[in-house]
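Descriptive analysis of the structure
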Number of protein chains: 2
Amino acid sequence: MFRSAAICMLMVALRGLLPAQAPPDSVPASSNTPGAEYPRIHSDLRVTFRVSAPSAQKVQLVTGSDDNGLGKGPLGMVKDEKGFWTVTVGPAVPGFHYYWLSVDGFAANDPGSQTFFGWNKDSSGIEIPEKGTGFYEAKDVPHGEVRVHWYYSNITAMWRRVYVYTPPGYDGARTRYPVLYLQHGSGECERSWSNQGRVNFILDNLIAGKKAMPMIVVMENGMVAPRSGGEPTGVAQGGPARGGAQRRNEAFADVVVKELIPTIDAAYRTLADQPHRAIAGLSMGAGQATQIGLGNIDKFSGVGSFSGGGIRDFDPKTSNNGIFADAAAFNRKVPVLWYGAGTAEAGRVSGGKAAVEAMNRAGIKAIWFESPGTSHEWQTWRKCLYDFAPRLFRGGATAGKKGG
Amino acid sequence: MFRSAAICMLMVALRGLLPAQAPPDSVPASSNTPGAEYPRIHSDLRVTFRVSAPSAQKVQLVTGSDDNGLGKGPLGMVKDEKGFWTVTVGPAVPGFHYYWLSVDGFAANDPGSQTFFGWNKDSSGIEIPEKGTGFYEAKDVPHGEVRVHWYYSNITAMWRRVYVYTPPGYDGARTRYPVLYLQHGSGECERSWSNQGRVNFILDNLIAGKKAMPMIVVMENGMVAPRSGGEPTGVAQGGPARGGAQRRNEAFADVVVKELIPTIDAAYRTLADQPHRAIAGLSMGAGQATQIGLGNIDKFSGVGSFSGGGIRDFDPKTSNNGIFADAAAFNRKVPVLWYGAGTAEAGRVSGGKAAVEAMNRAGIKAIWFESPGTSHEWQTWRKCLYDFAPRLFRGGATAGKKGG
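About the thresholds
- Residues numbered from 1 in each chain as written.
- Chains lettered and ligands numbered in written order.
- Predicted model: local features only at pLDDT ≥ 70, side-chain atom pairs only at ≥ 80, totals over all residues.
- Heavy atoms only, no water.
- Helix = DSSP H or I, 4+ residues; strand = E, 2+ residues; numbered from the N terminus.
- Buried < 20%, exposed > 50% of the residue type's maximum accessible area, 1.4 Å probe, protein only.
- Contact = heavy atoms within 4.5 Å.
- Areas by Shrake-Rupley, 256 points an atom, 1.4 Å probe, with all protein chains shown as cover.
- Expected span 1.5 Å × (residues − 1).
- Polar contact = N/O pair within 3.5 Å; in protein donor to acceptor, adjacent residues only side chain to side chain.
- Salt bridge = Lys/Arg side-chain N within 4 Å of Asp/Glu carboxyl O.
- Phe/Tyr/Trp six-rings, centres within 6.5 Å; stacked < 30°, edge-to-face > 60°.
- Lys NZ or Arg CZ within 6 Å of the ring centre and 35° of its normal.
- pLDDT = per-residue confidence, 0-100.
- Pairing = 2+ DSSP bridges.
- Core = buried A, V, L, I, M, F, W, Y, C linked by side-chain atoms within 4.5 Å.
- Axes fitted to C-alpha atoms, helices over the stretch in contact; angles between N-to-C directions.
- Left-handed = near helix turned anticlockwise from the far one by under 90°.
- Nonpolar A, V, L, I, M, F, W, Y, C, P; charged D, E, K, R; others polar.
- Parallel < 35°, antiparallel > 145°, perpendicular 65-115°, else oblique.

1. Digging into the overall build of chain A
- Per the secondary structure count, chain A includes 9 helices and 19 strands.
- Put simply, chain A has 404 residues, and 59% of those count as buried.
- Partitioning the contacts of chain A with sequence separation of at least 6, the portion at a separation of at least 24 is 71%.
- When the accessible surface of chain A is summed, it comes to about 15700 Å², and 55% of that surface belongs to carbon and sulfur atoms.

Below, the structure is given as structure tokens:
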């Protein structure tokens, strides 16, 4: 009894050391570092951020996107007598949002948050739960793995790190699998689709529900110039190549076609042919996916553009070197040509939808998808993947065939 | 010609936007974010840190350890007229060092650095190269993979993430492999051994040189209490369990023995017996490894303590429930009992060495290892692993045997 009472008193004393009485009806974000009480998410999806910075003159919350409900522009936090700075914002749009703090003008991460590589740096991020859907959560279904695979690239003269999702049951089976090449966005990296995107849980759940073919997913950094001063050791990450997006994509296409695909086909039990290979990406990665995919339709039968641009001034006869000129032939060759965006990213919706409609008028069976209420953020891209992946590799008998 | 000249002029103009003339004879650290020019490492291993914080009143460099050559205590940085704060320190001890900044008293990461989970948060880190050794670098040898594997733990009522190194050639082979369970230190996580420790490159190089048996390495978070408010989804990370280290280790032992080992033996082609199972860890993980390993010598034939404590008041008759009482029997059962530390962590050296000597006097073939000049940091633990791993699983005929 005495001991319990002493522990109880100790706990009460310790509680006094906690930053403050936690707001009722709120829980720490699942994206927090272990044990961090803040940021906290309220039941109405408002979010309270709170950090200790007794000596700072000005602390602000900076959100990576201004259309996710967290607020626009740097948001002032208020200091209490103990030196804690607090702000409550929202309600937030469900999904994953990058954010950071401005401490006397310096962009600093929230020590209460895990970091996620975005905005070309490791940034804080907050996961806002979406009620009524669990398609990107860990469930009691068979789980695949995400493998960190290193390979040497002669084109970029560096060791490159690629993340590879293998579906549940890959080990121990002798089956060969189709492959989706899946690219992140600008300022992100090869970890982003598994960390922020939850690609593994999305595929695990789709496969368990027999909604998608079991597939391998390959996530590459996509940056093609050796970083300045970088050594080909440790965590290899390419810096941005010089030149515009198109030139960068061409250089990356070279890596994908000449090095990455052969590497993956050698290392994994893939179905190494065009009907069983697709490519998709988000934002900058959508540009890569469409440029590489539609530029190599002998290699890819599925192409997905998540929050990318549409094809400008689409002309079925001349666009993309005339691959659309024979619509029926194109539809047979590339049965999945898919464009999507969140309805809160207005420009991408109008541009993409118009391009798809123009394609449809020309007989191309391009697909248009909208994620309601989400913006240029990961919730859009999770939902894009969830709609896109089930459409892939439906060619029939050869998918999932046994191989040696 | 005109275009080249224009590009050249543009480059010169862009260079003017760089923070400053880079110090001669220095290169960006390999641990920097892509394209970040600072921190820079000089040829004599001094390091220049530099960040932009025009509105801050005081910016300091904070090093995670005060015996790695980066300096002791928060180190003042000097502001120039453009708002860049700079400090040059060192020469640094080679290896990986955690650090961060204090910006007007707020602990902030360096935006030029990648982050590494340490000190219970994502911290900046700098990799100082060691001349004349490359045992932890990516080399032109066959590479294994590090797999992110999720499993549900009933004991902790959460999805847990475990990192698993599989050796080169694992896929496609039918061989079964011995398993090393390898734990990180306090404030770190299941990613630490692959991110900071380079476990995969160390094993790749040892295996390629035929210095170590091909083995599977399993890296678990090791924290056993569900985090407050955390949901069993997303990136699951346990918070610290209540109670002292011993009690925490007991709880983790329960997870290891009842859940983790069966999970790994079911998911991977392991040699699932005592002669082919070892456990090691660093610092806090050394405590886990010795407590779990020596507490379950029917399950582990190798035990490694990297910068851990020795056994206090070692008594061959009574210590650890008398497992050492019959020295010859213990040596047969646990052929590798290994303790090591860096010579710059004086307390761990004297304590560990004395304990090993006491064991040796009692006929126990415990091994003592010292890493010259390194402290309670990753360079010590990389070198510990490099000495420890080759000693494992030398039992003979059964190691590497074919299996179904």
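This is not the end of the story, as more comes after the structure.
2. Observations regarding the environment of A:Ser153
All names here are of chain A.
- Along the chain, Ser153 falls in strand β12 (residues 145-153).
- Placed 10 residues apart in sequence, Ser153 and His143 show a C-alpha to C-alpha distance of 30 Å.
- The residues touching Ser153, leaving out its near neighbours within four places in the chain, are Met158, Arg160 and Glu259.

3. Focus on helix α8 (residues 346-361) of chain B
All names here are of chain B.
- The end-to-end C-alpha distance of α8 is 22 Å, a good match for the 22 Å that 16 residues give at a rise of 1.5 Å each.
- Listing the buried residues of α8 in full gives Val349, Gly352, Ala355, Val356, Ala358 and Met359.
- Considering only its buried residues, α8 is in contact with β18 (336-342) and β19 (366-371).
- Gly363, located one to two residues past α8, shows a positive phi value of around 90°.

4. Brief notes about the side chain of B:Gln288
Residues and elements named next belong to chain B.
- Topologically, Gln288 is positioned in helix α5 (residues 284-294).
- For Gln288, a relative accessible area of 2% corresponds to the buried category.
- Only 3.3 Å separates the side chain of Gln288 from the side chain of Gln183, close enough to count as a polar contact.

5. What to know about the pattern of salt bridges
- Counted under the stated rule, the structure contains 38 salt bridges over all chains.
- A salt bridge links A:Asp80 to A:Arg50; the nearest nitrogen and oxygen atoms lie 3.1 Å apart. Of this pair, A:Asp80 sits in the loop between β6 (78-79) and β7 (84-89) while A:Arg50 sits in strand β3 (residues 47-52), and the two are 30 residues apart along the sequence.
- For A:Arg50, a relative accessible area of 13% corresponds to the buried category.
- The closest approach of N and O atoms between B:Glu127 and B:Arg382, which form a salt bridge, is 2.8 Å.

6. Some points on the packing of aromatic side chains
- Applying the stated criterion to the full structure yields 40 aromatic pairs over all chains.
- One aromatic cluster is present, built from ring pairs that chain together A:Trp193, A:Phe306, A:Trp338, A:Phe369, A:Trp378, A:Trp381 and A:Phe388.
- One residue, B:Lys121, lies across the ring of B:Trp100, its end atom 3.8 Å from the ring centre.

7. A short note on the confidence of the model for chain A
Residues and elements named next belong to chain A.
- Across chain A, the average pLDDT comes to 88, with 88% of residues at or above 70.
- Confidence drops under a pLDDT of 50 for residues 226-242, and excluding neighbours within four residues, the segment shows 59 contacts in the predicted structure.
- The ipTM for the predicted assembly is 0.89, set against a pTM of 0.90.

8. A closer look at the pairing of strand β15 (residues 216-219) of chain A
Residue and element names in this part refer to chain A.
- Here β15 shows two buried faces, one formed by Ile216 and Val218 and the other by Val217 and Met219.
- One ladder, built from 3 bridges, connects strand β13 (residues 158-166) with β15; its direction is antiparallel. Across the sheet, Tyr165 pairs through a bridge with Val217, a residue of β15.
- In this structure, strand β14 (residues 179-183) lies alongside β15, joined through 3 bridges in parallel fashion. Along β15, the bridge assignment pairs Leu180 with Val217.

9. Observations regarding the sheet that holds strand β3 (residues 47-52) of chain B
All names here are of chain B.
- An order of β1-β2-β3-β7-β6 is seen for the 5 strands of this open sheet, with the pairing classed as antiparallel. Pairing within the sheet leaves two strands with one partner each, and these edge strands are β1 (26-28) and β6 (78-79).
- The pairing of β3 with strand β7 (residues 84-89) spans 6 bridges and is antiparallel. When the sheet's bridge partners are listed, Phe49 is paired in β7 with Val87.

10. Details of the nonpolar core
- Judged by nonpolar contacts, the single largest core of 84 residues is most densely connected at A:Phe306 and B:Phe306.
- Of all hydrophobic cores here, the second largest spans 48 residues; its members include A:Val51, A:Trp85, A:Ile126 and B:Val51.

11. Remarks on α5(B)
- In terms of burial, α5(B) is largely enclosed, as 9 of its 11 residues are buried.
- Listed in full, the buried residues belonging to α5(B) are B:Met284, B:Gly285, B:Ala286, B:Gln288, B:Ala289, B:Thr290, B:Ile292, B:Gly293 and B:Leu294.

12. Re the sheet that holds β6(A)
- In space, the 5 strands of this open sheet follow the order β1-β2-β3-β7-β6 (chain A), with antiparallel pairing throughout. Each of the sheet's edge strands pairs with one partner strand only, and the pair in question is β1 (26-28) and β6 of chain A.

13. Observations concerning the packing of helix α4 (residues 245-267) of chain A against helix α5 (residues 284-294) of chain A
All names here are of chain A.
- Close contact between α4 and α5 brings their axes to 9 Å; oriented N to C, the two are set at 65°. Once α4 is placed against α5, the crossing between them reads as right-handed. On the side of α4, the interface is formed by Gln246, Asn249, Glu250, Phe252, Ala253 and Val256, while α5 contributes Gly287, Gln288, Gln291 and Ile292.
- Taken together, the residues that form the contact of α4 with α5 break down as 4 nonpolar, 5 polar and 1 charged.

14. A word on the pairing of strand β11 (residues 121-128) of chain B
All names here are of chain B.
- Burial runs high along β11: 8 of the 8 residues are buried.
- Sheet topology note: the strand β8 (residues 95-103)/β11 ladder contains 5 bridges and is antiparallel. For Phe96, the partnering residue across the bridge sits in β11 and is Glu127.
- Two strands pair when backbone bridges link them, and strand β10 (residues 115-118) and β11 are joined in this way by 4 bridges, in the antiparallel orientation. Within the sheet, the bridge partner assigned to Phe117 lies in β11 and is Asp122.
- From the end of β10 to the start of β11, which pair antiparallel, there are 2 residues, and Trp119 there has a positive phi angle of about 60°.

15. Side note on the environment of A:Tyr163
- One can find A:Tyr163 in strand β13.
- Setting aside its immediate chain neighbours within four residues, A:Tyr163 contacts A:Val146, A:Arg147, A:Val148, A:Glu190, A:Arg191, A:Ser194, A:Val217, A:Val218 and A:Met219.

16. Observations regarding unusual backbone geometry
Residues and elements named next belong to chain A.
- The linkage connecting Gly90 with the following residue, Pro91, adopts the cis geometry, with an omega of 10°.
- In this structure, Trp119 takes a positive phi of about 60° despite not being glycine.
- Take Trp119: it is sitting in the loop between β10 (115-118) and β11 (121-128).
- A residue is classified by how much of its surface remains accessible, and Trp119, at 46% relative accessible area, is partly exposed.

17. A closer look at the environment of A:Ser123
Residues and elements named next belong to chain A.
- Looking at the element boundaries, Ser123 is found in strand β11.
- In the structure, Ser123 is positioned 270 residues away from Phe393 in sequence and 36 Å away in space, judged by C-alpha atoms.
- Polar contacts involving the side chain of Ser123 include one to the main-chain carbonyl oxygen of Gly118, which spans 3.1 Å.

18. A few points about the packing of helix α3 (residues 199-208) of chain A against helix α9 (residues 378-388) of chain A
Residues and elements named next belong to chain A.
- The geometry of α3 relative to α9 is characterised by a closest axis approach of 10 Å and an angle of 30° between their N-to-C directions. Overall, the two elements α3 and α9 adopt an arrangement that is roughly parallel. The crossing of α3 and α9 is right-handed. Counting all contacts with α3, which are made through Val199, Ile202, Leu203 and Leu206, the residues of α9 involved are Arg382, Leu385 and Tyr386.
- Classifying every residue of the contact of α3 with α9 gives 6 nonpolar, no polar and 1 charged.

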